[in-house]
Amino acid sequence: MQLFTHPSSTQLTLNECSGNLRRPEITDISVSCGTSSIDLAVQICPVIYTGYNESLLILNHMLEPACRGTLDDTVDPPVARFNFPLNMTNACGSVFRTTSAAGTGVFSDFSNIQTVNISGIIQSSDPTTGTVTYNAELKYYYSCAYPLEYLINNTQVDVSASSIAVRDNNGSFISTLSLELFSDADFTQSMVMPRQGLELRSTVYVEVKATNLTGQYNVLLDRCYASISPLPTNSTFFNLFVPCSQDQFTTMVLNGLSQSARFHFPAFRFIEQQNETVSTYYLHCITRLCEISTCSTFMQCNNRRRRDTRDGTDSADVITDRHTITSAEIVTKTETVGSKEEIAVGNQGDSSAVGLAAGVGVLAFACLVVLCVAVVFYKRLKH
């Protein structure tokens, strides 16, 4: 078997492959679909067995240095690695294809859930000159599917942003998303939750932001709501924002126009927590990553399924095994007049006690006077 060389190749030899030398198999390529890039790894020894090396593996017919494979012999078996960013302008010739389907599960109220599929091929380049070759042609296909709708569950929201850290799997941008609360209209001062809770009607500023995300997507909030349970399964909830409708006290500042979305609402309390010293609830946002060219379409009400905006319970929203963003809870004061009424009742009780004591004293004195008069009158009658 002839081993072809290339001047820029840092190649292994047949002897160095030893036990890994064999014919190629369909499992020789591994794909890691990251949040900002895609990593490909092709076992190199079967490639060498066929008559090639890493420099003769071409990604999507692209010959640019940034798109060429590099040998990694620090792993066993050794591989040729390819890496490219999730950006249509420099993804080394990868094909981006967006598809749409009706939502299911927690997204069942949305009629258009998008998924972007990124695919391509690594092919061998035969260096043989002439009419025929004895080298088999190698083709390694890859594909990554990324859903563009996510549930950001800001469980126990409080002081600081917390981006979820998840292992890159086959297609998730969620680790680029974060939710943060602010106390000012400029969204610069992170909110610090007072120990005794927020004052009712104080303004809570919310920002959902994407970082290290390819520039072709914007952040669009489909729904944000509060619930008294961290996972709103059969739990009382209150919608702050749903497609084409929002609570009268919720103000959308920015949505679908950049890689951040912003809104604010006045702090409130749940009525069923009226007997507690504070009201505690949790914020959840369903977030869509929309392509810049299509965001305006999703913002049109006639292209979206409208959801009932009443607060209540919803048994359909069952959330299981979801990536969530977690911080501390939203806590508000539950101010009532109960304590003042109790003080007033207590004061009335004290006054009644004082009055009763005074009456008893007067009565005792009167009895004593009558007794003295009776004694004097009795002595006079004896004499």
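Residues numbered from 1 in each chain as written. Predicted model: local features only at pLDDT ≥ 70, side-chain atom pairs only at ≥ 80, totals over all residues. Heavy atoms only, no water.

Enquirer: Any chance you could explain the overall build of the protein chain here in plain terms?
Expert: Within the protein chain, the secondary structure is distributed over 4 helices and 18 strands. Counting only residues that meet the buried cut, the protein chain has 43% of its 383 residues in that class. If you take every contact in the protein chain between residues at least 6 apart in sequence, the share linking residues at least 24 apart comes to 71%. Just so you have it, the protein chain exposes about 20,400 Å², and 54% of that area is on carbon and sulfur atoms. (Helix = DSSP H or I, 4+ residues; strand = E, 2+ residues; numbered from the N terminus. Buried < 20%, exposed > 50% of the residue type's maximum accessible area, 1.4 Å probe, protein only. Contact = heavy atoms within 4.5 Å. Areas by Shrake-Rupley, 256 points an atom, 1.4 Å probe, with all protein chains shown as cover.)

Enquirer: Quick question: what am I supposed to make of unusual backbone geometry here?
Expert: Outside of glycine, negative phi angles account for most residues, and trans bonds account for most peptide bonds. For the bond from aspartate 76 to proline 77, the omega torsion is 5°, close enough to zero to count as cis. In this structure, asparagine 60 is a non-glycine residue whose phi angle is positive, near 50°. Looking at where asparagine 60 falls in the secondary structure, it is placed in the loop between β3 (57–59) and β4 (70–72).

Enquirer: I keep staring at the packing of aromatic side chains and nothing clicks. Help me out?
Expert: Each aromatic ring pair is summarised here by two numbers: the centre-to-centre distance and the angle between the ring planes. Taken as a whole, this structure holds 10 aromatic pairs when the rule is applied. Measuring from centroid to centroid gives 5.9 Å for phenylalanine 265 and phenylalanine 268, while their planes differ by 50°, and the two rings are tilted. For the pair phenylalanine 265 and phenylalanine 268, a shared accessibility class is recorded, and that class is buried. Seen in terms of ring centroids, phenylalanine 270 and tyrosine 281 are 5.5 Å apart; in terms of plane orientation they differ by 70°. Their pairing is edge-to-face. Of the two residues, phenylalanine 270 sits in the loop between β16 (260–266) and β17 (278–291) while tyrosine 281 sits in strand β17, which places them 11 residues apart along the sequence. For the pair formed by phenylalanine 270 and tyrosine 281, the shared burial category is buried. (Phe/Tyr/Trp six-rings, centres within 6.5 Å; stacked < 30°, edge-to-face > 60°.)

Enquirer: Mind showing me how you'd approach the sheet that holds strand β5 (residues 79–85) here?
Expert: Sheet strands pair by backbone hydrogen bonding; their relative direction is either parallel or antiparallel. Spatially, β1-β2-β5-β4 is the arrangement adopted by the 4 strands of the open sheet, whose pairing is antiparallel. The open sheet has two free edges, formed respectively by β1 (29–33) and β4, since each of these has just one partner strand. When the angles between neighbouring strand axes are averaged without regard to direction, this sheet yields 25°. (Pairing = 2+ DSSP bridges. Axes fitted to C-alpha atoms, helices over the stretch in contact; angles between N-to-C directions.)

Enquirer: Would you take a moment to explain the state of the cysteines for this structure?
Expert: Applying the stated rule across the entire model yields 5 disulfides. Covalent S-S linkage joins cysteine 67 and cysteine 92, the inter-sulfur distance amounting to 2.2 Å. The sign of the S-S torsion, about -90°, decides the handedness of the disulfide formed by cysteine 67 and cysteine 92: left-handed. Taken as a pair, cysteine 67 in the loop between β3 and β4 and cysteine 92 in the loop between β5 and β6 (95–101) lie far apart in primary sequence, 25 residues in all. Neither residue differs from the other here; cysteine 67 and cysteine 92 are each classed as buried. (Disulfide = S-S within 2.5 Å.)

Enquirer: Any chance you could explain the pairing of strand β11 (residues 203–210) here in plain terms?
Expert: Look at any regular strand and the pattern is simple: side chains alternate between the two faces of the sheet. Along β11, 6 of the 8 residues are buried, which leaves the element largely enclosed by surrounding structure. Of the pairings in the sheet, the one linking β11 to β16 comprises 7 bridges and is antiparallel in character. Looking at β16, one finds that valine 206 is bridged to phenylalanine 263.

Enquirer: What is the right way to read the nonpolar core from this model?
Expert: Nonpolar side chains in soluble globular proteins tend to end up buried together. Counting residues in hydrophobic clusters, the biggest one holds 65 residues, and the most contacted among them are Ile122, Tyr146, Phe173 and Phe265. In contact with phenylalanine 265, not counting residues within four places along its chain, are Ser202, Thr203, Val204, Val206, Leu240, Phe249, Thr250, Tyr281 and Ile330. (Core = buried A, V, L, I, M, F, W, Y, C linked by side-chain atoms within 4.5 Å.)

Enquirer: What is the right way to read the sheet that holds strand β15 (residues 251–254) from this model?
Expert: The strand order across the open sheet formed by 4 strands is β10-β11-β16-β15, and the pairing between neighbours is antiparallel. Unpaired on one side and paired on the other, β10 (177–182) and β15 mark the two borders of the sheet. On average, each strand axis in the sheet is inclined to that of its neighbour by 20°, with strand direction left out of account. The pairing of β15 with β16 spans 3 bridges and is classified as antiparallel. By the bridge assignment for β16, methionine 252 is matched with phenylalanine 263.

Enquirer: What's the story with the environment of isoleucine 44 in this structure? I'm lost.
Expert: In this fold, isoleucine 44 is placed in helix α2 (residues 44–50). What isoleucine 44 contacts, discounting residues up to four positions off in sequence, is Leu12, Asn53, Glu54, Leu57, Leu71, Pro78, Val79 and Ala80.

Enquirer: I tried to follow the confidence of the model for the protein chain on my own but got confused; where do I start?
Expert: Should the pLDDT be low somewhere, the predicted coordinates at that spot are not to be read in detail. Confidence along the protein chain averages 74 in pLDDT terms, with 66% of residues attaining 70 or more. Predicted confidence for residues 303–328 stays below pLDDT 50, and this span has 85 contacts to residues more than four positions away or in other chains. Here residues 336–354 is modelled with pLDDT under 50, and outside its nearest four sequence neighbours on either side it reaches 0 contacts, counting other chains as well. (pLDDT = per-residue confidence, 0-100.)

Enquirer: Please clarify how the pattern of salt bridges should be interpreted in this entry.
Expert: Counted according to the given criterion, the structure contains 4 salt bridges. A salt bridge links aspartate 28 to arginine 22; its shortest N-O distance comes to 2.6 Å. Owing to a relative accessible area of 2%, aspartate 28 belongs among the buried residues under this scheme. One salt bridge connects arginine 81 with aspartate 72, and the closest N-O pair in it is separated by 2.7 Å. (Salt bridge = Lys/Arg side-chain N within 4 Å of Asp/Glu carboxyl O.)

Enquirer: Help me out: how do you make sense of the environment of threonine 277 in this one?
Expert: With respect to the secondary-structure elements, threonine 277 resides in the loop between β16 and β17. We classify threonine 277 as exposed; its relative accessible area is 71%. In this structure threonine 277 touches Lys333 and Thr334, once residues within four positions along its chain are discounted.

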